[in-house]
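Below are the chains, spelled out letter by letter.
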Amino acid sequence: MTELAKQRPEYRNIHAFRDLPSYRWPLAALVSGMHRISGMIMFLLLPLVIWMFDTSVSSEISFGKFTSAFSAGLGFAPGWLIKLLTLGLIWGYLHHFIAGLRHLLMDMNHAAVTKEFGKSSAAVTLAASFGLTAILGAKLFGLY
């Protein structure tokens, strides 16, 4: 065998649950992965969004049912679980929206996109999404 054939790189299959947690993800890659996760959360919780919208605007009685779901619960789900699902939906929407604006900004300014800009804009995206989620979550759970 020639020397070139011996030095070929080894490509292996990546096991998502075993290999990916051990990788050191840059902040921009973490925000990109969270952008995908937030989109999946919004898609999976779409029936909850449709139910929330329908019951909140149908009538005064259904609006009372909607507001009581957050305190007394709904069926087998306690009120804190409904609030927690709603908080996950809030985070998913805020993160997806802010990360989408980040991607649009990077698409409009190709010349200004650098490694440092990617890292700083990812940090701003994370801080804004978690900060706004904390503020709205405090309102949702009745802290103010």
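Residues numbered from 1 in each chain as written. Predicted model: local features only at pLDDT ≥ 70, side-chain atom pairs only at ≥ 80, totals over all residues. Heavy atoms only, no water.

## Considerations on the packing of aromatic side chains
Given two aromatic rings, their pairing is described by the distance between the two centres and the angle made by the two planes. In this structure the tally under the stated criterion is five aromatic pairs. For the pair Phe 63 and Phe 66, a centre-to-centre distance of 6.0 Å together with 35° between the ring planes defines the contact as tilted. Here Phe 63 pairs with Phe 66, and both are found in helix α5 (residues 60–71), just three residues apart, close to one helical turn. Phe 66 gets classed as buried once you look at its relative accessible area, which sits at 14%. These aromatic residues form a ring-pair network of at least three members: Trp 51, Phe 63, Phe 66 and Phe 70. (Phe/Tyr/Trp six-rings, centres within 6.5 Å; stacked < 30°, edge-to-face > 60°. Helix = DSSP H or I, 4+ residues; strand = E, 2+ residues; numbered from the N terminus. Buried < 20%, exposed > 50% of the residue type's maximum accessible area, 1.4 Å probe, protein only.)

## Some thoughts on helix α4 (residues 46–57)
When the terminal C-alpha atoms of α4 are compared, their 17 Å separation across 12 residues agrees well with the 16 Å that a helix rising 1.5 Å per residue should span. Along α4, the residues that are buried comprise Leu 48, Met 52 and Thr 55. Taken down its axis, α4 places every buried residue within 80° of arc, on the same side. Turned more than 90 degrees off the buried face of α4, the exposed positions are Pro 47, Ile 50, Phe 53 and Val 57. Against the buried residues of α4 lie α5 and α6 (79–108). (Expected span 1.5 Å × (residues − 1). Arc of directions from axis to C-beta. Contact = heavy atoms within 4.5 Å.)

## Digging into a nonpolar patch on the surface
A cluster of nonpolar side chains, contributed by Ile 37, Met 40, Phe 43, Leu 44, Leu 46, Val 49 and Ile 50, occupies part of the molecular surface with about 680 Å² of accessible area. Listing elements by their share of the nonpolar patch, those giving two or more residues are α3 (27–44) and α4. Considering every element that reaches the nonpolar patch, the biggest residue donor is α3, with four residues. Within the element layout of this structure, Ile 50 appears in helix α4. For Ile 50, a relative accessible area of 53% puts it in the exposed group. (Patch = residues over 30% accessible without salt bridge, like charges linked within 9 Å, V, L, I, M, F, W, Y side chains within 5 Å. Areas by Shrake-Rupley, 256 points an atom, 1.4 Å probe, with all protein chains shown as cover. Salt bridge = Lys/Arg side-chain N within 4 Å of Asp/Glu carboxyl O.)

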